[in-house]
Amino acid sequence: MLEQMGYEVTTFKVTCGLPPKARLRLKSNGNADPQKVSAIATKAPSSGVLVSALIFSAVTAKRIQSSMKLEIAFLDVDFAVPPRVHMKFVSAKESSKEEPRDLDDLEFACK
């Protein structure tokens, strides 16, 4: 369903610890029609809070991306306690640069 909305999974990272957590990074290219995205979202199963929050966040990011005419949107979803969704939007001028790095990547690079 997220692929139909114009997203691709770029990273899925699981950290085993107490508490365990998982991070999902989605990348959205181009500007999908917000009405089409909303129509896809209405067909989403309402099977849980996390799924509903993920779909709601994806629709919201597409709406912001479209209204501000930005080239790329990134969604970082942390399945942890508490769950969090981070959104980052990149303009066409910055799209040729490297994909934005998160703090976990920087920590790993410094070790």
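Parameters at a glance
Residues numbered from 1 in each chain as written. Predicted model: local features only at pLDDT ≥ 70, side-chain atom pairs only at ≥ 80, totals over all residues. Heavy atoms only, no water. Core = buried A, V, L, I, M, F, W, Y, C linked by side-chain atoms within 4.5 Å. Buried < 20%, exposed > 50% of the residue type's maximum accessible area, 1.4 Å probe, protein only. Helix = DSSP H or I, 4+ residues; strand = E, 2+ residues; numbered from the N terminus. Contact = heavy atoms within 4.5 Å. Pairing = 2+ DSSP bridges. Arc of directions from axis to C-beta. Expected span 1.5 Å × (residues − 1).

1. Quick word on the nonpolar core
Line of reasoning, step 1. Among the nonpolar cores identified, the biggest contains 16 residues, and Leu2, Met5, Tyr7, Leu26 and Ile55 are the most heavily contacted of them.
Line of reasoning, step 2. Of all the secondary structure elements, the ones that give two or more residues to this core are strand E2 (21-29), helix H1 (34-42), helix H2 (49-67) and strand E3 (72-79).
Line of reasoning, step 3. With five residues, H2 is the single largest residue contributor to this core.
Line of reasoning, step 4. Residue contacts for leucine 26: discarding those within four places in its chain leaves Leu2, Tyr7, Glu8, Val9, Leu54, Ala73, Phe74 and Leu75.

2. Quick word on the pairing of strand E1 (residues 7-15)
Line of reasoning, step 1. Judged from the eight bridges that link them, E1 and E2 form a sheet pairing that is antiparallel. Opposite phenylalanine 12, over in E2, you have leucine 24 as the bridge partner.
Line of reasoning, step 2. Linking two consecutive strands that pair antiparallel, namely E1 and E2, is a turn of five residues.

3. Let's talk about H1
Every α-helix winds through 3.6 residues per turn, so residues three or four apart in the chain are directed the same way.
Line of reasoning, step 1. The complete set of buried residues in H1 reads Val37, Ile40 and Ala41. In a view along the axis of H1, the buried residues occupy a sector of 100 degrees, so they form one face of it. Opposite its buried face, H1 presents the exposed residues Gln35, Lys36 and Thr42, each directed more than 90 degrees away.
Line of reasoning, step 2. Residues of H1 that are buried in the fold lie against H2.

4. Considerations on H2
Line of reasoning, step 1. Taking 1.5 Å per residue, 19 residues should reach 27 Å; H2 reaches 27 Å between its end C-alpha atoms and fits that length.
Line of reasoning, step 2. Turning to H2, its buried residues are Leu54, Ile55, Ser57, Ala58, Val59, Thr60, Ala61, Lys62 and Gln65.
Line of reasoning, step 3. Where H2 is buried, its residues meet E1, E2, H1, E3 and strand E4 (84-90).
Line of reasoning, step 4. Positive backbone phi, approximately 55 degrees, marks lysine 69, located one or two places after H2.

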